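Below are the chains, spelled out letter by letter.
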Amino acid sequence: MKKPKNHPESGIKPLIGIIANSTSPSNRLELIAELGEPHDGFFNPLKFSFKEFLGEIIPLDIQPHDIFTKSGMIKGKAAMLNAVEYLVGAGAKVICFTAATKRLPGKLGQEVKTLYPEVIFSIGDNLTAVSYLLLIERFLSQADKFDCQNDQVAILGAGFLGLQSIDILLAKKYQKITLVSEQKLNGLTKQIAVVDSPASLPNDIKILMSCTHKYKDVMDPQRLTQQLHPEAIILDVAVPPGISQKVFEALPPTISRFDAGDFFLDDVKYSFPPSILSFPDVGFWFGCFTEAIILTLALVDGEDLQEFNFFEINPEAQSMLLGYLKQEAVYLPLFNFYRLDKELELISI
């Protein structure tokens, strides 16, 4: 295969670059304790390795909701540009924007692409979607537990994962779907009811798909208990989670919750506390973090990544990424990070 011009020189392994953010005020204190005070809008790197590759996670000094304000977006963007400059200088050829930082480069990341045309930028959504959809598929394939004609299904958020959730539910012939969104959405089929608040969800919800953390502070556990089926399943792909630990622990114990959008990688190693990333142990890895690793492997392998747009979900990118993913010791974890006493189940990709 002909190597593209951005292929790293033989023998030089590029740094795996990841840009993230503090997930809460308490997480910010954890980062300060581990890394020291932030500078130029970001913290020192959380360093990790994958096989012979080194990687760095750069946490920006912003909170998840900051980007929904003009001043927060300006602050976050300045910090993001400083972090990108640092990672490029450290040898990163692939940089993934993750969590709340995905909004900072703009819709197609044109500004950072213009500044650094040789670098591959991504928002990590393709592998996050792959992990999430694999988990949905696992549950919906249990015909003895779910009834597509009669079961109520609810989705929080109309972002890319919320809309993909709708697509897979429609493909499975589900008839009772409720979407929580304040956006005006056109072209939805009659099976989909749209409400603007979790308070307006119907009762007897069998599956709740949490695709945004926007409503986590207004979620009423008492009301949610009434809305959920006694044996409901919550699939939470939001970061931070859309259903907080406090809310989940107030729900009946018969209700199950699983974190979605993640992978488990045997070859990821690091020495900082996993709790900083909200993980119970080393090996758990977000889908967007995993995309940074897989894209770096593909780049070194000679894949021409410039032909893909990693700021959008697309089948071609997912197919390419999945091919490399299957070559590694990567698993789909079936786990609830709120229940660390429960046994972890790992599913082969």
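A quick note: this is a predicted structure, and the numbers were derived from the prediction, not measured.

Moving on, we come to the pairing of strand E9 (residues 205–210). For E9, the tally of buried residues reaches six of six residues, placing the bulk of the element in the interior. Where strand E6 (residues 152–156) and E9 come together, five bridges link them in parallel fashion. Looking at E9, one finds that Leu156 is bridged to Ser210. Summarising the sheet, E9 and strand E10 (residues 228–236) pair through five bridges and their orientation is parallel. Each residue of the ladder has a partner; that of Met209, found in E10, is Leu235. Following the backbone out of E9, through helix H6 (residues 221–227) and into the adjacent parallel E10, one traces a crossover that is right-handed.

For the rest of this paragraph, the subject is the sheet that holds E6. Taken in spatial order, the six strands make up an open sheet running E8-E7-E6-E9-E10-E11, and their pairing is parallel. Two strands bound the open sheet, and with one partner strand each, they are strand E8 (192–195) and strand E11 (256–259). Each strand of the sheet is rotated relative to its neighbour by a mean of 15°, with strand direction disregarded. Lying on the sheet, helix H4 (residues 125–140) is in contact with E9, E10 and E11; it crosses E10 at an angle near 155°. Against the sheet, helix H5 (residues 160–171) contacts E6, strand E7 (176–180), E8 and E9, and its axis sits at roughly 160° relative to E6.

Sheet strands associate in pairs through backbone hydrogen bonding, adopting either a parallel or an antiparallel arrangement. Pairing in this open sheet of four strands is antiparallel, and the strands run E14-E12-E15-E16 from one edge to the other. Single-partner strands in this sheet number two, and they are strand E14 (284–286) and strand E16 (345–348). Between one strand axis and the next, the sheet turns through 45° on average, direction left out of account. Here two bridges tie strand E12 (residues 262–265) to strand E15 (residues 330–334), and the two strands are oriented antiparallel to one another. Its bridge partner being in E15, Phe264 is matched across the sheet by Tyr331. In this fold helix H8 (residues 287–301) packs onto E12 and E14, with an angle of close to 90° to the strand it touches most, E14.

In this structure, Ile57, Trp285, Phe289, Ile293, Leu305 and Met320 are the most contacted members of the largest nonpolar core, which totals 49 residues. Broken down by element, the residue count for this core peaks at nine residues, all from H8. Setting aside residues up to four positions removed in sequence, Met320 forms contacts with Leu295, Ala298, Glu303, Leu305, Phe308 and Phe310. Within the second largest apolar cluster, 30 residues are counted, among which are Leu169, Ile207, Ala260 and Ile347.

Attention now moves to the pattern of salt bridges. Tallying each qualifying case throughout the model produces 12 salt bridges. The partner of Glu52 in a salt bridge is Lys13, and the shortest N-O contact between them spans 3.6 Å. Taken together, the positions of Glu52 in the loop between strand E2 (46–50) and strand E3 (53–60) and Lys13 in the segment before strand E1 (15–21) put the pair 39 residues apart, joining distant regions of the chain. The class of Lys13 is partly exposed, set by a relative accessible area of 41%. A salt bridge links Glu328 to Lys51, with the shortest nitrogen-to-oxygen separation between them at 2.5 Å. Here Glu328, found in the loop between helix H9 (315–325) and E15, pairs with Lys51, found in the loop between E2 and E3; they are 277 residues apart in sequence, far enough to count as distant. Residue Glu328 is classed as buried on the basis of its relative accessible area, which comes to 16%. On the basis of relative accessibility, which here comes to 45%, the residue Lys51 falls in the partly exposed class.

One pass over the structure, following the stated rule, counts 18 aromatic pairs. Relative to Phe337, the ring of Phe279 has its centre 5.7 Å away and its plane inclined at 75°; by these criteria the two rings are edge-to-face. With a gap of 58 residues between them, Phe279 in the loop between strand E13 (268–270) and E14 and Phe337 in the loop between E15 and E16 connect regions that are remote in the sequence. One aromatic cluster is present, built from ring pairs that chain together Phe48, Phe264, Tyr270, Phe272, Phe279, Phe284, Trp285, Phe286, Phe289, Phe335 and Phe337. The side chain of Arg257 reaches across the aromatic face of Tyr338, ending 3.9 Å from its centre.

Conventions and cut-offs
Residues numbered from 1 in each chain as written. Predicted model: local features only at pLDDT ≥ 70, side-chain atom pairs only at ≥ 80, totals over all residues. Heavy atoms only, no water. Buried < 20%, exposed > 50% of the residue type's maximum accessible area, 1.4 Å probe, protein only. Helix = DSSP H or I, 4+ residues; strand = E, 2+ residues; numbered from the N terminus. Pairing = 2+ DSSP bridges. Right-handed = clockwise from strand over helix to strand, strands pointing away. Axes fitted to C-alpha atoms, helices over the stretch in contact; angles between N-to-C directions. Contact = heavy atoms within 4.5 Å. Core = buried A, V, L, I, M, F, W, Y, C linked by side-chain atoms within 4.5 Å. Salt bridge = Lys/Arg side-chain N within 4 Å of Asp/Glu carboxyl O. Phe/Tyr/Trp six-rings, centres within 6.5 Å; stacked < 30°, edge-to-face > 60°. Lys NZ or Arg CZ within 6 Å of the ring centre and 35° of its normal.

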